[in-house]
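# A look at the structure
Here is what each chain is made of, one letter per residue.
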Amino acid sequence: MAGLFALLYLYFTLFPGPVDPAAQQYFSAAEIAAGRRYAQAKRLIFLASFAVEVGVVAWLVLGPAGGRLAQVATRLGKGRPLAAGFLFFLALWLLLRAVNLPFSLYSSYFLEHQWGFSTESLAGWWADYLKGAALDLVLSGAGVLLFFWATGRWPQTWWLYAGTFLAVWLVVANYLWPVLVAPLFNRFTPVRDPEIVIMVKRLAERADLSVDKVLVMDASRRTTKANAYFAGLGRTRRIVLYDTLLRDYSSDEVEAVVAHEMAHWKLGHVRRGTIYGILANFALWLLLFLLLRLTLDLPRRGPYPPETWALVVLFFLLTSFLGSPITNVISRRMETAADSYAVKLTGDPQAAVRLQVNLARRASADISPPPFIEWFSYTHPSTLRRIEAIRAVPQKEGRP
Ligand SMILES: [Zn+2]
């Protein structure tokens, strides 16, 4: 199944077919062609890195290498199962990082420079990469220790505890990420421009939301691309605007962005996304538990053997690949809902359309991707679909 999807993805990456002629209303032929080329490079890298990752992990799961690595880990762990499990994880983690490094470096550094999107030096890229890797190692390392410990403590029900732990973690991370982790990578300062502050207040009032802080993030130290997001939970939140957005877009386009992010909040998308995530996470842990019971000769007592970890990684690699059309369908629906709510909030569909055109132009987006690719991997509808949906929103006379 994953192989079939991967082949279809490859086919439509290599032979994307014609572009919807409606794209010519908004974009030049050169812009459309550039968007196609850039997307093609990104898609090939994504597919290649996925294939290599699956290949490496499957080699450990199916061949004798996994068993041998587990023996080494057990020996080095001096018979302590948690230490052995952690060492096996560490070896696999390093291996996956190593095979993935060329793809990361190429797609987020060289390709971005080639297309003029990156403003980062190679040293800066490495600093980010190492910071991110260290954070990943600490968090997943702690997760792995908990996993092996739980399999020993609750041999039949550990999956339930794993699901519960991850559910709590998802919620907590939502709170903590913007406060603790985001500042490791960027600087956040209050927006000075009084016009922006007034605009945000006015929109928030109309949407009946209370915005705690309006912050600007120094995104320009890495990229020329623009974005914005809301962070926090509950009644009060902060909005974060990329400095590139404020620099490169007109004030009514910035307003359209802010209204879109407020719409996500107002329509409860973050909450709904978290709930779906928690449910899916329970289902996946149960499925994994059953799969491990069926395929491995597991001990009746004590933690699972170290090589189990390779199967866990393979399981999550494949399920997240196969599950992406489902999560993306949900995500695209939320994006369309947010777009139309935002237009009602600003009463300015022209600015929203102009924003889509400029965002696509400045990021060299594939305006009208092959339908299979959009269905499979797009978290947002393509530019052309978004413009069509914005234009279809019924307009009241005058602004509220
Ligand atoms: Zn959105």
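See the structure printed just above.
The following refers to the structure shown. Only a predicted model underlies this, so the values are computations on that prediction, with no experimental measurement involved. (Residues numbered from 1 in each chain as written. Predicted model: local features only at pLDDT ≥ 70, side-chain atom pairs only at ≥ 80, totals over all residues. Heavy atoms only, no water.)

The subject of this paragraph is the coordination of the zinc ion. Taken together, His260 (NE2), His264 (NE2) and Glu335 (OE) make up the protein donors of the zinc ion, found 2.0 to 2.1 Å from the metal. Of note, the donors binding the zinc ion are all from one chain and are spaced H-x3-H-x70-E. Placement of His260 in helix α9 (residues 251-266) and of Glu335 in helix α11 (residues 308-346) is noted, with a sequence separation of 75 residues between them. On the basis of relative accessibility, which here comes to 8%, the residue Glu335 falls in the buried class. (Donors = N, O, S within 2.8 Å, 3.2 Å for Na, K, Ca; no water. Helix = DSSP H or I, 4+ residues; strand = E, 2+ residues; numbered from the N terminus. Buried < 20%, exposed > 50% of the residue type's maximum accessible area, 1.4 Å probe, protein only.)

Our focus in this paragraph is helix α5 (residues 122-153). Relative to the 46 Å expected for 32 residues at 1.5 Å per residue, α5 spans 46 Å between its end C-alpha atoms, a close match to the ideal helical length. Along α5, the residues that are buried comprise Trp125, Asp128, Tyr129, Ala133, Gly141, Val144, Phe147, Phe148, Ala150 and Thr151. In the core, the buried residues of α5 are packed alongside α4 (81-114), α6 (158-185), α10 (269-295) and α11. (Expected span 1.5 Å × (residues − 1). Contact = heavy atoms within 4.5 Å.)

Counting 45 residues, the largest nonpolar core has Val57, Leu92, Phe147, Trp158, Tyr304 and Trp309 as its most contacted members. For this core, the element with the most residues is α11, which contributes nine residues. In this structure Trp158 touches Phe147, Ala150, Thr151, Trp285, Leu288, Phe289, Leu292 and Tyr304, once residues within four positions along its chain are discounted. Ala207, Val216, Ala256 and Ala259 belong to the second largest nonpolar core, which has 32 residues in total. (Core = buried A, V, L, I, M, F, W, Y, C linked by side-chain atoms within 4.5 Å.)

What follows covers helix α7 (residues 194-207). Every α-helix carries 3.6 residues per turn, so stepping three or four residues along brings you back to the same face. Relative to the 20 Å expected for 14 residues at 1.5 Å per residue, α7 spans 20 Å between its end C-alpha atoms, a close match to the ideal helical length. Of the positions making up α7, those classed as buried are Ile196, Met199, Val200, Leu203, Ala204 and Ala207. Within α7, the buried residues cover an arc of 130° as seen down the axis, which keeps them to one side. Structural note: α7 exposes Pro194, Glu195, Ile198, Lys201 and Glu205 on the side pointing more than 90 degrees away from its buried face. One side-chain oxygen of the residue at the start of α7 lies 3.0 Å from the amide nitrogen of Glu195, identifying that residue as Asp193. (Arc of directions from axis to C-beta. Polar contact = N/O pair within 3.5 Å; in protein donor to acceptor, adjacent residues only side chain to side chain.)

Let us look at the packing of aromatic side chains. Taken as a whole and assessed by the stated rule, the structure comprises 37 aromatic pairs. Between the aromatic rings of Phe86 and Phe89, the centroid separation amounts to 5.6 Å while the plane-to-plane angle is 50°, which identifies the pairing as tilted. Of this pair, Phe86 and Phe89 both sit in helix α4, three residues apart, which is roughly one turn of that helix. Since its relative accessible area comes to 25%, Phe86 is described here as partly exposed. An aromatic cluster of three or more residues is present, and its members are Phe86, Phe89, Phe147, Phe148, Trp158, Trp159, Trp285, Phe289, Tyr304, Trp309, Phe315 and Phe316. Its guanidinium or amino end placed over the ring of Phe185, Lys131 lies 5.2 Å from that ring's centre, counting from NZ or CZ. (Phe/Tyr/Trp six-rings, centres within 6.5 Å; stacked < 30°, edge-to-face > 60°. Lys NZ or Arg CZ within 6 Å of the ring centre and 35° of its normal.)

Before going further, it helps to examine the pattern of salt bridges. Evaluation of the coordinates by the stated rule reveals 16 salt bridges. The residue Arg221 makes a salt bridge to Asp218 at a minimum N-O spacing of 3.4 Å. Using a relative accessible area of 18% as the deciding quantity, one classes Asp218 as buried. Sharing partners across several salt bridges, the network here consists of Arg36, Arg43 and Asp366. (Salt bridge = Lys/Arg side-chain N within 4 Å of Asp/Glu carboxyl O.)

Turning to the packing of helix α3 (residues 65-76) against α4, a few remarks are in order. Two packed helices can be described by the angle between their axes and the distance between those axes. Across the interface, α3 lies against α4 with an axial gap of 8 Å and an inter-helix angle of 130°. In terms of orientation, α3 lies oblique with respect to α4. As for how α3 packs across α4, the hand of that crossing is right-handed. Between α3, through Gly66, Leu69, Ala70, Ala73, Thr74 and Leu76, and α4, the contact on the second element is made entirely by Ala84, Leu87, Phe88 and Ala91. Residues of the contact of α3 with α4, tallied by class, amount to eight nonpolar, two polar and no charged. (Axes fitted to C-alpha atoms, helices over the stretch in contact; angles between N-to-C directions. Parallel < 35°, antiparallel > 145°, perpendicular 65-115°, else oblique. Left-handed = near helix turned anticlockwise from the far one by under 90°. Nonpolar A, V, L, I, M, F, W, Y, C, P; charged D, E, K, R; others polar.)

So, on to the packing of α4 against α5. Remark: α4 packs on α5, axes separated minimally by 10 Å, with the N-to-C direction vectors making an angle of 150°. Between α4 and α5, the crossing angle belongs to the class labelled roughly antiparallel. In this structure, α4 meets α5 at a crossing whose hand is right-handed. Partitioned by chemical class, the residues of the contact of α4 with α5 number 18 nonpolar, five polar and two charged.

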